[in-house]
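Close look at the chain arrangement
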Amino acid sequence: MYARVSTEAQADRGTIGSQLALLHERIAAAGDELVGEYVDDGHSGARLDRPGLDALRDAAEAGLIERVWCLSPDRLARAYAYQVLVLDELDRFGVSVAFTDSPGLATDDPQATLLTQVQGVIAEYEKAKIAERYRRGKLFRARAGEIVTWKASYGYRRVPRSAATGQAHHEVYEPEAAVVRRIFTDRAAGITVREICRRLNADAIPSPTGKPTWGHSTLCRLLRNEAYIGRVYYNRTESVPDRRPTRRTRQVWRDRDEWIPIDCPRIVSDELFQAAARVATDNSKWSPRRAIPGQWLLKGLVKCGVCGVGTNCHKMRGRNGTWHRYYHCRNHDPIRAGGEARRCPERNIRADALDAFVFDHIRAAITHPDQLLAGEQAVTLTTPIPDDELLAAELGRLDRKIDAADAERRRLVDLYQGGFIELPEMQRRATEVTARRKELQHKRTSLADERTDLARDNQLRRRVHDFAARIHAVIDTLDDTQKQQLLRLLIEDVRVTGWHVQIRLRIALDPPPDSTSPPHPTGKPSSQQPRPVSSQNGLRSVSGHLGPLLLDVDLIAETVIAFWKSLR
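The sections below set out a description of the structure shown in this document. Predicted, not measured: the structure shown is a model, and the values here were computed from it. (Residues numbered from 1 in each chain as written. Predicted model: local features only at pLDDT ≥ 70, side-chain atom pairs only at ≥ 80, totals over all residues. Heavy atoms only, no water.)

A separate point is the overall build of the chain. Within the chain, the secondary structure is distributed over 18 helices and 17 strands. Counting the 568 residues in the chain, one finds 37% classified as buried. Put simply, 61% of the contacts in the chain that link residues at least 6 apart link residues at least 24 apart. Put simply, the chain shows about 33,400 Å² of open surface, and 52% of that area lies on carbon and sulfur atoms. (Helix = DSSP H or I, 4+ residues; strand = E, 2+ residues; numbered from the N terminus. Buried < 20%, exposed > 50% of the residue type's maximum accessible area, 1.4 Å probe, protein only. Contact = heavy atoms within 4.5 Å. Areas by Shrake-Rupley, 256 points an atom, 1.4 Å probe, with all protein chains shown as cover.)

This is the structure we're talking about:
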């Protein structure tokens with residue numbers, strides 16, 4: 001006899017037992033002698049590589065059995081082609097097949113054979129229908145914010161759906177979450193992935209799979225996993241036919257706009273996640289194998305202003321025999337540009353001239369805080385920043401109005417309970433009070449955010465002055481290698497269009513040594529995206545001879561502090 005169920009849950013519910021009991025009754029009634037039971041618990045009928053079915057086919061080939069009893073053809077296989085393959089193989093070995101839910105095939109009855117074949121086709125249709133319902137159900141649950149995948153990332157545990165806990169969701173598993181925070185902190189500090197693996201192995205911390213050693217690829221995938229900042233994605237891949245003969249399908253990535261984001265508890269902050277990712281990008285860009293100390297100060301930073309792509313570095317011998325260094329757009333190559341018509345028209349850029357030009361203006365900008373804040377002062381002429389005392393007074397006034405609205409609502413309830421007003425009148429007046437209170441609360445929230453922004457801007461000014469004072473003492477003593485390191489810390493990119501040079505910076509501002517850690521700059525929960533302190537605040541240079549100098553302020557104080565320590 002042969003019996004099969006598709007999932008382990010069906011096996012636990014005893015459906016396999018009901019099949020075996022029915023088959024025992026039919027075998028006894030037919031007077032056959034039972035010589036073996038072949039069972040597949042939790043194996044899909046869409047595959048042929050099942051332990052029980054393989055053992056049955058081996059026994060038939062060895063001549064140990066004469067007849068196979070089975071509940072129905074779909075227990076042998078869900079796909080009709082697989083059914084025919086198994087039945088033909090058993091018939092070739094002289095083994096007949098008897099189904100309890102359909103007539104046997106050994107009667108040579110064309111109608112019985114047709115019925116069995118129709119049942120096989122219907123079973124294949126049911127399999128496709130079940131798969132489609134299962135797929136649509138998982139999509140619906142994922143769009144509703146429920147975790148539908150059974151596997152949880154390292155640092156989480158999946159809580160299944162139940163009446164007590166609600167939808168299936170992830171919860172933080174603190175022993176592993178502490179390891180995740182340690183990994184991101186070390187990576188953001190510039191420690192290499194292999195060194196982090198070595199430290200984890202030395203501390204005997206098991207890997208996500210329980211192995212005693214951590215692998216490089218495992219750690220890289222962990223550092224790219226957005227689940228740690230509160231986003232799990234579903235529907236990222238799809239199955240397509242595989243061209244290789246040994247495989248039927250393969251998984252390919254879908255477009256990112258088709259991914260379904262699902263919220264989960266975060267383990268690390270957005271700033272820490274981005275800092276770790278930035279280290280990986282910088283490591284690939286600033287590999288020692290690709291950097292010549294003291295040369296190409298802007299290697300990897302210069303972009304073509306026309307094409308918007310990066311530049312390559314190359315040397316060229318002049319007419320007098322001297323060598324000159326140039327940055328040239330990668331789209332000078334017509335194959336790289338996509339055709340001769342799309343070839344970049346820009347000329348090569350003298351590397352020594354551009355390096356000196358950029359460094360001089362970077363030095364002038366970052367050592368004079370008044371120049372950094374000149375653009376912000378110009379913006380305040382058209383959009384004045386309100387005074388902090390006025391904002392505090394306005395917040396106090398709104399708080400009093402909100403308290404008055406709450407008191408008015410309580411009085412309405414008292415009047416209704418005392419029988420002085422009817423229910424419709426009470427509901428009408430309560431609706432008006434609620435709408436007025438909601439409007440006041442909205443105004444108060446806006447003013448509170450504005451006051452937080454004002455405090456952050458004032459703090460930014462202090463930190464700009466502190467940054468300029470600290471760098472002014474050492475910038476004139478830097479050698480070429482240290483200049484190269486400094487420019488890589490501060491410059492986002494340099495765009496060159498003809499004689500026009502546009503420099504985008506990320507100024508690393510760390511608080512003064514005697515200051516305490518400021519609160520979250522936005523005053524909002526950490527689960528939301530932080531508001532960037534960047535060119536949105538109008539930090540622009542107004543110096544005419546320097547050209548447009550855009551300054552993107554990024555809070556990466558740890559990196560700059562380490563750089564200053566290395567210079568001492």
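Now, onward.
Moving on, we get to the packing of aromatic side chains. Tallied over the full model, the rule gives six aromatic pairs. Consider the rings of tyrosine 156 and tyrosine 228, whose centres lie 6.0 Å apart with planes at 20°: the pair is stacked. Here tyrosine 228 lies in the loop between helix H9 (216–224) and strand S7 (231–234) and tyrosine 156 lies in strand S5 (residues 156–159), a separation of 72 residues in the sequence. Tyrosine 228 shares its class with tyrosine 156; the two are buried. Aromatic rings pair up to connect Tyr156, Phe184, Tyr228 and Phe273 into one cluster. If you follow arginine 236 out to its NZ or CZ, it ends over the ring of tryptophan 259, 5.8 Å from the centre. (Phe/Tyr/Trp six-rings, centres within 6.5 Å; stacked < 30°, edge-to-face > 60°. Lys NZ or Arg CZ within 6 Å of the ring centre and 35° of its normal.)

What follows covers helix H5 (residues 80–92). In this model, H5 (13 residues) spans 18 Å end to end at C-alpha, consistent with the 18 Å of a helix rising 1.5 Å per residue. Taken residue by residue, H5 has Gln83, Val86, Leu87, Glu89 and Leu90 as its buried positions. Viewed end-on, H5 has its buried residues packed into an arc of 160°, placing them on one side of the element. What points out from H5, more than 90 degrees from its buried face, is the exposed set Ala81, Asp91 and Arg92. (Expected span 1.5 Å × (residues − 1). Arc of directions from axis to C-beta.)

Turning next to the nonpolar core. If you look at the biggest cluster of nonpolar residues, it comprises 34 residues, and the most contacted ones within it are Ile183, Phe184, Trp214 and Tyr228. Of all elements in the fold, only helix H6 (110–143), helix H7 (174–188), helix H8 (193–202), H9, S7, strand S10 (260–263) and helix H10 (270–285) reach the threshold of two or more residues within this core. When residues no more than four places from it in sequence are discounted, the contact partners of tryptophan 214 are Tyr154, Val179, Ile183, Cys197, Leu200, Asn201, Ile205, Pro206, Ser207, Pro208, Leu219 and Leu222. (Core = buried A, V, L, I, M, F, W, Y, C linked by side-chain atoms within 4.5 Å.)

The next point concerns the side chain of glutamate 226. In this fold, glutamate 226 is placed in the loop between H9 and S7. Here glutamate 226 falls in the buried class, since its relative accessible area comes to 18%. Looking at glutamate 226, its side chain comes within polar contact range of the side chain of arginine 256, at 2.9 Å. Each residue touching glutamate 226, except ones within four places of it in the same chain, is listed here: Arg231, Tyr233, Arg256 and Phe273. (Polar contact = N/O pair within 3.5 Å; in protein donor to acceptor, adjacent residues only side chain to side chain.)

In the Ramachandran plot, alanine 204 falls in the positive-phi region, its phi being about 60° despite a non-glycine side chain. Tracing the backbone shows alanine 204 in the loop between H8 and H9. In this structure, asparagine 235 takes a positive phi of about 65° despite not being glycine. Mapped onto the secondary structure, asparagine 235 falls in the loop between S7 and strand S8 (237–241).

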